[in-house]
Amino acid sequence: MAGIIALLTVNLSFGVMTRAAPQLNIFSLGFAFALLIGLMICWYIIAVYTVITSCIGWKWKVRCVA
């Protein structure tokens, strides 16, 4: 859900910049930037997910160091 909100914010900011300066053609850069932000969000979510799930194992005696 946070990723969707972040990408919506990026697209809204590009819409405002396009409205303010239409000659700059921000949407040509906006697609690549939104793709980059989406990949960074996915990378962050995967990193957090691996830290959370590192405590789950076959042995219950294993403690989470994080």
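Computed from a prediction, not measured in an experiment: that's the story for all the values here.

Student: How would you summarise the overall build of the protein chain if you had to cite specific residues and measurements?
Tutor: Secondary structure summary: the protein chain contains two helices and zero strands in total. Within the protein chain, buried positions represent 17% of all 66 residues. If you sum the accessible surface of the protein chain, you get close to 6100 Å²; carbon and sulfur atoms cover 76% of it.

Student: If you had to explain helix α2 (residues 26-53) to someone new, which residues and values would you point to?
Tutor: An ideal rise of 1.5 Å per residue puts 40 Å on 28 residues; α2 measures up with 40 Å between its terminal C-alpha atoms. Of all the residues in α2, the buried ones are Ile-26, Gly-30, Ala-34, Ile-37, Gly-38 and Ile-41.

Student: Help me get a handle on helix α1 (residues 2-20), residues and values and all.
Tutor: The end-to-end C-alpha distance of α1, which contains 19 residues, comes to 27 Å, matching closely the 27 Å that a straight helix rising 1.5 Å per residue would cover. Listing the buried residues of α1 in full gives Gly-3, Val-10, Phe-14 and Thr-18. When α1 is viewed along its axis, its buried side chains cluster within an angular range of 75° and face the same direction. Projecting away from the buried face of α1 at angles above 90 degrees are the exposed residues Ala-2, Ile-4, Leu-12, Val-16, Arg-19 and Ala-20.

Student: Break down the side chain of Thr-18 for me, citing the residues and quoting the values.
Tutor: Summarising the element assignment, Thr-18 is placed in helix α1. A distance of 2.8 Å separates the side chain of Thr-18 from the backbone oxygen of Phe-14, its partner in a polar contact. Ignoring sequence-local partners within four residues, the contact set of Thr-18 consists of Ile-26 and Phe-27.

Student: Give me the lowdown on the UniProt feature "transmembrane region" (unreviewed entry) in the protein chain, citing residues and values where you can.
Tutor: In the UniProt entry, the feature "transmembrane region" (unreviewed entry) is given for residues 30-52. Across residues 30-52 one finds 100% helix and 0% strand; the C-alpha atoms that close the span lie 33 Å apart.

Student: Give me the lowdown on the packing of α1 against α2, citing residues and values where you can.
Tutor: With their axes 10 Å apart at the nearest point, α1 and α2 run at an angle of 165° to one another. Relative to α2, α1 is oriented roughly antiparallel. In terms of crossing hand, the pair formed by α1 and α2 is right-handed. Seen from α1, the contacting residues are Gly-3, Ala-6, Leu-7, Val-10, Asn-11, Phe-14, Gly-15, Met-17 and Thr-18; seen from α2, they are Ile-26, Phe-27, Gly-30, Phe-33, Ala-34, Ile-37, Gly-38 and Ile-41.

What counts and what doesn't
Residues numbered from 1 in each chain as written. Predicted model: local features only at pLDDT ≥ 70, side-chain atom pairs only at ≥ 80, totals over all residues. Heavy atoms only, no water. Helix = DSSP H or I, 4+ residues; strand = E, 2+ residues; numbered from the N terminus. Buried < 20%, exposed > 50% of the residue type's maximum accessible area, 1.4 Å probe, protein only. Areas by Shrake-Rupley, 256 points an atom, 1.4 Å probe, with all protein chains shown as cover. Expected span 1.5 Å × (residues − 1). Arc of directions from axis to C-beta. Polar contact = N/O pair within 3.5 Å; in protein donor to acceptor, adjacent residues only side chain to side chain. Contact = heavy atoms within 4.5 Å. UniProt positions renumbered as here; feature names shortened; annotations may be inferred. Axes fitted to C-alpha atoms, helices over the stretch in contact; angles between N-to-C directions. Parallel < 35°, antiparallel > 145°, perpendicular 65-115°, else oblique. Left-handed = near helix turned anticlockwise from the far one by under 90°.

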